[in-house]
Each structure stands twice: as structure tokens, then as C-alpha cells.
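Summary of structural features
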Amino acid sequence: MSIRNIVVTGATSGIGKEITKTLLDLGYNVAFCGRSKDKMQRLINDLPCSCNYMYSTFDLTNEEEVDRFVDKAVTLFGHIDVLINCAGANSSRSSVSDLKTSDLLNMININLVAPFTLMREVYNKSMRERKSGIIINILSTVCNFSNEGIGAYTASKTGFDGLLKVFRKEVRENNIKVCSVYPGGVDTPFRDVSRPLYLKPETVANAVISILDYDDNACIDELTIRPMVEKNYC
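This text gives an overview of the structure that appears in the document. Throughout, residues of each chain are indexed from 1 in the direction in which the sequence is written. Side-chain atom pairs in this predicted model are given and counted only at pLDDT of 80 or more, local residue features only at pLDDT of at least 70, and totals for whole chains, interfaces and linings cover all residues. Calculation of side-chain values draws on the structure's entire complement of heavy atoms; hydrogens and water are dropped beforehand.

Working definition: helices are DSSP H or I runs of at least four residues, strands are E runs of at least two. Numbering for both runs from the N terminus. Counting secondary structure elements, the protein contains six helices and seven strands. Sequence-ordered secondary structure for the protein, helices as α and strands as β, is β-α-β-α-β-α-β-α-β-α-β-α-β. Principal axes of the C-alpha set define a box for the protein whose edges measure 50 × 40 × 35 Å. Taken across its 234 residues, the protein has 49% of its residues classed as buried. Here the contacts in the protein between residues at least 6 apart in sequence split such that 68% fall between residues at least 24 apart. For the protein, the exposed surface amounts to about 11600 Å²; the carbon and sulfur share of it is 47%. Only protein chains enter the area calculation, which uses a 1.4 Å probe; residues under 20% of their type maximum are buried, those over 50% are exposed, and those in between are partly exposed. By the convention used here, residues are in contact when the closest approach between their heavy atoms is within 4.5 Å. In these tables, accessible area is a Shrake-Rupley quantity obtained with a 1.4 Å probe, and a residue counts as shielded only by the protein chains included in the view.

Right under this line is the structure:
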């Protein structure tokens, strides 16, 4: 598979930003999106003029905006080789007994419904007919190890994990690779305080991009990457 055209979500900060910048440095065509117009403008200002890219700022929970973004990327590039679902949030922290239904639904919309919509639209509008493509989903080690106080985030991420495991089997016959990446703690603005002993965003970005280098006959179904200080595993 000759990879040229890549879609990245969550491109304005953290892991998504590092993935986007590295892909553009490597010469790929990249369509990327984020929610913050200010952060997006700062990213654009840092990019060299020679890059071939397309960008949009919108809320990923808006399905019509997602559809337009995917349509625009397909129109500009002709097709999409890779989708990297990186956008996500952890804005609800409480015990399950104190969790508001509205907060749970918000996490599900952001961390499950939004990446599902991207995955579905990119597959149906580009990858299915070509019988070629890679979909990489950035999840979290919460899918494999439960911690108190983040029930809504854990439920939304594990829900998406279950959905994409079914999707992986369904699209295998069409030669589509569906990859899951489970980072442990990462030192990004995602967190309230700095965690210098956690993974650097560029470390995770490089691990994600390395998935693109494997043979057509090989797929990294699941990849877990943790900082050495972390022991949240069985």
C-alpha cells in the first residue's frame, strides 16, 4: 500500500498535534481538524509553506460537520489512505455514584460517537470501494485497567474499544487494517498539572506513525505504550 493521504483528528494539541506536524514533515498530504480556532491558527503559523494540507475547526460531535470535513478531504486528495482518530476528552471526573447522566452522555458523544462517525464515513466514502486503508484509533490504558474517579471517561473509551473490535473483523475481508493504540499517562495539556515522568506526546506520535511502515500483510491490531513509572496493568 502506497500511503499519501492521511486524516488526523485532535490536531491542535497533545498527541494529535505531534502526529500532524511529523506527518507533514515526512511529506504526507494531511487533512486535520481541531475544535479551537486559536490553537489551530498557532499550528498553521508553525507549518512550512511547502506542506500540502487541509484543515477545519469544528466540534466533532456535530455529525454534519464531520461529513463535510470527510467530503472535503476526499475531494481534495482523491481518496484517504489513513484515518488517525486522536481527538478525545476527559472532562468528567467523579465517582460513579456522583456521576451526572449529562456528563456521561457528553463523554460518550466525544470519545465514542465522534470517532465512530469519522471511522464510518472515511470507510464508506473512500476505503470500502478501494479495498485499502488503515484506521488507527488512539484509545487509553483505561480500556485495560480501571481506576476510580474516571468512570465516564473509562466507559466511553471502552465502549469505543468494543465497537472497533467488531469493526476490525467486519472490514478485514476488504483489506482494511483497524489498529488500536493504548497510551498510558502522557504529559500533555490534557492534564491539570505537569507530569514530566509520563510519556512525551512525540513518543506516542512516533509509535503511531511507525504502524504505517508495516507490510501490507501485517497489521498491528493492538499496541500498548506506558511510561516506566506506571504499573496499571495486570
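Pairing of aromatic side chains requires ring centres within 6.5 Å, counting the rings of Phe and Tyr and the six-membered ring of Trp. Pairs whose planes differ by under 30 degrees are stacked, by over 60 edge-to-face, and all others tilted. Here the structure, examined in full by the defined rule, presents five aromatic pairs. Ring geometry for Phe-58 and Phe-69: centres 5.5 Å apart, planes at 50 degrees, overall tilted. Placement of Phe-58 in the loop between strand E3 (53-57) and helix H3 (63-77) and of Phe-69 in helix H3 is noted, with a sequence separation of 11 residues between them. Here Phe-58 matches Phe-69 in class, with each residue buried.

Take the buried residues of types Ala, Val, Leu, Ile, Met, Phe, Trp, Tyr and Cys, join any two whose side-chain atoms come within 4.5 Å, and each joined set is a nonpolar core. In terms of nonpolar packing, the biggest core is built from 34 residues, with Ile-6, Ile-19, Leu-23, Phe-32, Ile-84, Ile-136 and Leu-212 touching the most fellow members. Counting only elements with at least two residues in this core, the list comes to strand E1 (5-8), helix H1 (14-25), strand E2 (29-34), helix H2 (37-46), strand E4 (82-85), strand E5 (133-138), strand E6 (176-183) and helix H6 (201-210). Residue contributions to this core peak at five residues, all from H6. By size, the runner-up hydrophobic cluster in this structure holds 31 residues, among which are Cys-33, Phe-58, Leu-60 and Met-119.

Their axes nearest at 7 Å, the elements helix H4 (residues 101-130) and helix H5 (residues 151-171) cross at an angle of 20 degrees. Taken together, H4 and H5 sit at an angle that is classed as roughly parallel. The two elements H4 and H5 cross, and the hand of that crossing is right-handed. Contact with H4, carried on its side by Leu-104, Met-107, Ile-108, Asn-111, Leu-112, Pro-115, Phe-116, Met-119 and Tyr-123, involves Ala-152, Tyr-153, Ala-155, Ser-156, Lys-157, Gly-159, Phe-160, Leu-163, Leu-164, Phe-167 and Val-171 of H5 and no other residues of that element. Any residue outside Ala, Val, Leu, Ile, Met, Phe, Trp, Tyr, Cys, Pro, Asp, Glu, Lys and Arg is labelled polar, Gly included; the first ten of those are nonpolar and the last four are charged. Looking at the contact of H4 with H5 residue by residue, the classes come out as 16 nonpolar, three polar and one charged. Axis geometry follows a simple rule: fit a line to the C-alpha atoms, using only the stretch in contact for helices, then measure angles between N-to-C directions, giving values from 0 to 180 degrees. Orientation labels follow simple angle bins: below 35 degrees gives roughly parallel, above 145 gives roughly antiparallel, 65 to 115 gives roughly perpendicular, and whatever is left gives oblique. Crossings are classed by handedness, with left-handed meaning an anticlockwise turn of the near helix from the far one by less than a right angle and right-handed meaning a clockwise turn.

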